[in-house]
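# Analysis of the macromolecular model
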Amino acid sequence: MMHDDMIDPLAIDEMLDEEMPEAEPPMELGELCVILASEINAAKETERTVYTKDRQRALEYYLGEMPDTKPPDGRSKAMSRDVADTIDWILPGLMRVFFSGNKIVEYLPGQAGDEAFTEQATEYINYKFLVENEGYNVCWDAFSDALTVRVGIIKFWWDDTQEWTYESYSGLTDDAYQMLLAEENVEVESEEAREEQGEQGEQIAIHDLNLRRLRRPGRIMVESVPPEEFLIDSDATSVADARFVCHWTTKSRSDLIEEGYDREKIDELPHYGTGVHEQEEKLARQDDFLGQGQGSFSPDRSMQQVEIFECYAKIDVNKDGVAEWMRVLLGGGTGEDNVLLSEEWGDPVPFADLIPARVPHRWQGRSMADQTMDVQQIKTVLLRNTLDNIYENNNPQKVVREADIINMDEVLSPTFNGVIRTRGDPNNAVVPLRGTFIAPDVMGMMGYLDEMIEKRTGVSRTTMALDPETLQDQTATAANLQYSAAYSKQELIARNFAEGGMKRLFRGLLQLVVKHQNMPDIVRLRDKPVKMDPRSWNADMDAVVNIGLGTGSKERDLAVLQQLLTIQERIVEKLGPDNPFITPEHVANTIEQIVKAAGMRTPQMFFAEVDDEGWAKFGQAYMEKQKEGDPKTKAATEKAQADMQIAQMKMQMEGQMAQAKAQAEGQMAQAKMQAESEMAQARLQGEMQLAQARMQNEAQLAQAKVVTELQLSKDKAEAEMALLGVTASKGTSTRCAATAPCPIRARKASVTCAA
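Within every chain, residues take consecutive numbers counted from 1 along the sequence as written. Confidence filtering applies because this is a predicted model: local features only for residues at pLDDT of at least 70, side-chain atom pairs given and counted only at 80 or more, and all residues used for totals across whole chains, interfaces and linings. Working from all heavy atoms in the structure, the side-chain values ignore hydrogens and water.

Let us look at the overall build of the protein chain. We count a stretch as a helix when DSSP gives it H or I for four or more residues in a row; a strand needs E for two or more, and each element gets its number in order from the N terminus. From N to C terminus, the protein chain includes 21 helices and 17 strands. Burial here depends on accessible area, computed with a 1.4 Å probe over protein chains only, as a share of the maximum for the residue type. Under 20% is buried, over 50% is exposed, and the range in between is partly exposed. Scored against the burial criterion, the 755 residues of the protein chain give a buried share of 34%. Surface accessibility in these figures is a Shrake-Rupley result with a 1.4 Å probe; residues are shielded only by whichever protein chains are displayed. For the protein chain, the accessible surface area stands at approximately 47300 Å², while carbon and sulfur atoms represent 53% of it.

Spelled out as structure tokens, the structure:
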């Protein structure tokens, strides 16, 4: 019995049913075609108005065709080829950066446990790309497109076409027959059973059969797509964030039927004649001898071309509010009747875009043609004017005095070594009109334009070749710095390729093989068949694209590797093979890179592979040898010990001799110091006596001098007194009136005062 406050579960279900809106039915095929037709038309309009004219012009300049710079009739038609020169120089450097080794990509562990599969995945994907899909040619085409028309497109996908091998067997017993049928991926084509008599007379069953064995369920495919065949929505900044991309191309009816599409439907599709992409860009790629209006018509109906739109779009087909990736193949149009295939897409969108010089927030960036077309146009005009000027100066117009010319035909139509006959002075009869010679000035302007190209692209005479003029009077360091600075822009292009489209390409290839390779595969690595099973690998491992050892030359790379190998050898020599720094893999990698840097792709031709077991055996033998000692090593050690003892004894004797010598020299020095001290003391005493005698003599001399001076003074005074006495006797006697003390009175001598 239910209480009044309890809610009936049935009532709850009825309430939920009333509140939940009914799910919308899935999208009709016609509605899907309308959406795709809208995306295709919008992308084609963007292609026509934004990209096609620029690409066509870039291709024409690259091929040496400049319809926008036509010369006047009768003038020079010479053209500068700066676009082609720049691209054709950068391209080999880019190819060397990516293909200097045999591992263009390496995979890194994405989670714990991936370490065991990274090397296998690296070897496998590199083999599939480089060998089975001719990766060198694919990258050459895509890189060339990117440098010329701003973007290179690489398409990658899984081709589920199964490959079978056919085998025939005869005379199989029941056991052998059952064992053969028990193998995986084996299907019997035809068989025949019979009975034969055995060795003991019994009847045994014998089987003859033809079977086929599945070699592989499919394969990854990689190709370069012409940029004019690739459509993308105008809001996208890269393939990764696009909502719509499309491969717009043509295929023959035979190819479509071979791919498994219904023959009746293929026969009903209209064939596609002239006018693909309005033909401008595609015809710009073709030579003139192909003509401008041949189209793709073939009298053989199976080889007639059909327009194909291979669309990848994010569309909410199931109306759940979340858009899913859809792959729709349209042939001969965009209507519902033109749908050849429609499926939800779970693989990566199979396109990778390569941009040489990125422009932020835009899909297409800048190409090398964009950087050099204006310079090529200016140089072409200057070159033509210069040649016309040279022609004019070599064959100038003439001012002719007709009355003085006898054979006027020779003047009007001159012949080689012809003779003009004149009347009178020939210098007045024919006067050439020569213009100003401008070639030297134009050549200076050409050099300035070349400097502009160098600043924009990094391509110059220094980087294009070993130019003696550019290396003259330069040190090696200065030349290397100049080369590195110019090459840095090309390295930036390589880095943009590696971190952009190339990384997307190799991550996509790994996801494809992990998802679709549902059986072990055998590939040939280092001239040996190797069995690999990608089913256990992590499809989300990160991919690192290798772009070489650096931006220097092969000589620089070899020098760096040789230094690394020397360091490794010293570590092994000092610490032994079982050291914490160097493993066999490290040494093998260095040797492998040296061989590759030298231009040889197979190191196994010169060095044997050493696995962990071989390295462990070597380490054990090395340690035992160190313990037991090699006879030669032991003899050398004993000799070294004996030499060391002799050296020690010699050093000891030399030390004693040195000590005795030092002691004797010390005593001699002490005696010498004592003698010198006594001599100094005697010298000092003698000097003191001499000084004392000198002082005594000087005192006596001074005393004698004083006495002499006193005597002289006395004699002088007496003389003066005598003179005064004579004078007094002649005059009147007067009394001395001197009141002050008289000096004459003070004298002891008896002098009569005349006063």
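What follows continues from the structure just given.
Okay, the nonpolar core next. By convention a nonpolar core is built from buried Ala, Val, Leu, Ile, Met, Phe, Trp, Tyr and Cys residues, the set being connected through side-chain atoms within 4.5 Å. Counting 62 residues, the largest nonpolar core has Phe 98, Phe 143, Phe 497, Met 502, Leu 505, Phe 506 and Leu 509 as the members making the most contacts within it. Residues within four places of Phe 143 in sequence aside, it is in contact with Leu 91, Leu 94, Met 95, Phe 98, Leu 354, Phe 497 and Met 502. Note on contacts: a residue pair is in contact if any heavy atoms of the two residues lie within 4.5 Å.

The next point concerns the sheet that holds strand E10 (residues 324–331). On the basis of which strands lie adjacent, the open sheet formed by five strands has the order E7-E8-E9-E10-E11 and antiparallel pairing. Each of the sheet's edge strands pairs with one partner strand only, and the pair in question is strand E7 (230–232) and strand E11 (339–344). On average, adjacent strands in this sheet sit at an angle of 15° to one another, irrespective of strand direction. A pair of strands is labelled paired if DSSP reports no fewer than 2 bridges between them. Bridging between E7 and strand E8 (residues 244–252) involves three bridges; their strand directions are antiparallel. In the strand pairing of E8, Phe 230 is matched with His 247. Comment: axis = line fitted to C-alpha atoms, over the contacting stretch for helices; angle = value between 0 and 180 degrees taken between N-to-C directions. Sheet strands touched by helix H2 (residues 29–62): E7, E8, strand E9 (305–315), E10 and E11. Its angle to E9, the strand with the most contacts, is close to 105°.

As summarised here, the arrangement of the three strands in space is E6-E2-E12, forming an open sheet in which the pairing is antiparallel. In the strand order of this sheet, the two ends are held by strand E6 (219–225) and strand E12 (351–354), each with one partner. Going from strand to strand, the sheet's axes swing by 20° on average, the running direction of each strand aside. In this structure, strand E2 (residues 152–159) lies alongside E12, joined through four bridges in antiparallel fashion. The partner of Lys 155 across the bridge, within E12, is Phe 351. Contacts from helix H5 (residues 135–149) reach E2, E6 and E12 within the one sheet, and its direction differs from that of E6 by about 30°.

All right, on to a negative patch on the surface then. On the surface, Glu 28, Asp 262, Glu 264, Glu 268, Glu 336 and Asp 337 cluster together to form a negatively charged patch. Of note, Glu 336 is situated in the loop between E10 and E11. Think of a patch as exposed residues, more than 30% relative accessible area, with no salt bridge, where like charges cluster within 9 Å and nonpolar side chains (Val, Leu, Ile, Met, Phe, Trp, Tyr) cluster within 5 Å. For salt bridges, the criterion is a side-chain nitrogen of Lys or Arg within 4 Å of an Asp or Glu carboxyl oxygen. A positive count includes Lys and Arg, and a negative count includes Asp and Glu. His and the chain ends are not counted in either. By convention, the charge on Lys lies at NZ, on Arg at CZ, on Asp at CG and on Glu at CD.

Here we take up H5. With 15 residues, H5 should cover 21 Å at 1.5 Å per step; its first-to-last C-alpha distance of 21 Å lies within 8% of that length. Burial within H5 is extensive, with 11 of its 15 residues counted as buried. Listed as buried for H5 are Gly 135, Val 138, Cys 139, Ala 142, Phe 143, Ser 144, Asp 145, Ala 146, Leu 147, Thr 148 and Val 149. For a helix, the expected span equals 1.5 Å multiplied by the number of residues minus one.

Our next topic: the pairing of E2. With respect to burial, E2 is a largely interior element, six of its eight residues being buried. Bridge analysis of E2 against E6 gives seven bridges, and the strand direction is antiparallel. Bridge assignment links Trp 157 to a residue of E6, and that residue is Met 221.

Right, let's talk about unusual backbone geometry for a bit. For Arg 150, which is not a glycine, the phi torsion comes out positive at approximately 80°. Along the chain, Arg 150 falls in the loop between H5 and E2. Accessibility expressed as a relative area gives 14% for Arg 150, which makes it buried. A positive phi is found at Asn 417, a non-glycine position, where the angle reads about 65°. Here Asn 417 shows up in the loop between helix H11 (408–412) and helix H12 (426–429). Here Asn 417 falls in the exposed class, since its relative accessible area comes to 65%.

Moving on, we come to the packing of aromatic side chains. For Phe, Tyr and Trp, where Trp contributes only its six-membered ring, two rings pair if their centres lie within 6.5 Å, and the inter-plane angle classes them as stacked under 30 degrees, edge-to-face over 60, or tilted in between. Scanning the model with the defined rule gives 12 aromatic pairs in all. Pairing Phe 99 with Tyr 136 gives two aromatic rings, centres 5.3 Å apart and planes at 70°, and the pair type is edge-to-face. Of the two residues, Phe 99 is situated in helix H3 (residues 82–99) and Tyr 136 in helix H5; the sequence distance between them amounts to 37 residues. Residue classification places Phe 99 among the buried residues on the basis of a relative accessible area of 10%. What makes Tyr 136 partly exposed here is its relative accessible area of 41%.

A few words now on the packing of helix H10 (residues 368–394) against helix H13 (residues 439–457). Remark: H10 packs on H13, axes separated minimally by 10 Å, with the N-to-C direction vectors making an angle of 170°. On the basis of the axis angle, H10 is roughly antiparallel to H13. Contacts between H10 and H13 involve Met 368, Gln 371, Thr 372, Asp 374, Val 375, Ile 378, Lys 379, Leu 382, Leu 383, Thr 386 and Asn 389 on the former and, on the latter, Ala 439, Val 442, Met 443, Met 445, Met 446, Leu 449, Asp 450, Met 452, Ile 453, Arg 456 and Thr 457. Angles below 35 degrees are treated as roughly parallel, those above 145 as roughly antiparallel, those between 65 and 115 as roughly perpendicular, and all remaining angles as oblique.

With that out of the way, let us pick up a nonpolar patch on the surface. On the surface, a cluster of nonpolar side chains totalling about 220 Å² of accessible area is made up of Val 399, Val 431 and Leu 433. Secondary-structure assignment places Val 399 in strand E13 (residues 397–400). Among the residues examined, Val 399 registers a relative accessible area of 42% and is labelled partly exposed.

This paragraph deals with the pattern of salt bridges. For the structure shown, the criterion picks out 33 salt bridges. Arg 57 is paired through a salt bridge with Asp 68; the nearest N and O atoms lie 3.0 Å apart. A residue pair is termed long-range when its members are at least 10 positions apart, and Arg 57 in helix H2 and Asp 68 in the loop between H2 and H3 qualify at 11 residues. Residue classification places Asp 68 among the partly exposed residues on the basis of a relative accessible area of 41%. Glu 119 is the partner of Lys 103 in a salt bridge, and the nearest nitrogen-oxygen pair spans 3.0 Å. Highlighted residues: Lys 103 in the loop between H3 and strand E1 (105–108) and Glu 119 in helix H4 (residues 115–132), separated in sequence by 16 residues. Residue class for Glu 119 comes out partly exposed when judged on its relative accessible area of 39%. Salt bridges sharing common partners tie together Glu 39, Asp 233, Asp 235 and Arg 243.

The next thing to look at is the side chain of Thr 118. Mapped onto the secondary structure, Thr 118 falls in helix H4. The buried category is assigned to Thr 118, whose relative accessible area is 12%. A 3.5 Å cut-off defines polar contacts: any pair of N or O atoms within that distance qualifies, except that in protein one atom must be a possible hydrogen donor and the other a possible acceptor, and neighbouring residues in sequence count only when both atoms are side-chain atoms. Of the polar contacts made by the side chain of Thr 118, one reaches the backbone oxygen of Glu 115; its length is 3.2 Å. Residue contacts for Thr 118: discarding those within four places in its chain leaves Tyr 107, Leu 108, Pro 109 and Met 541.

Counting through the fold element by element, Gly 30 comes out in helix H2. Among the residues examined, Gly 30 registers a relative accessible area of 24% and is labelled partly exposed. For Gly 30 and Glu 336, which are 306 residues apart along the polypeptide, the C-alpha to C-alpha distance reads 5.4 Å.

So, on to the environment of Met 368. Tracing the chain through its elements places Met 368 in helix H10. You can call Met 368 buried: its relative accessible area is 4%. In this structure, the C-alpha to C-alpha distance between Met 368 and Arg 150, residues 218 residues apart in sequence, is 7.8 Å. Excluding anything up to four places from it in sequence, Met 368 contacts Thr 86, Ile 87, Ile 90, Leu 147, Thr 457 and Ile 493.

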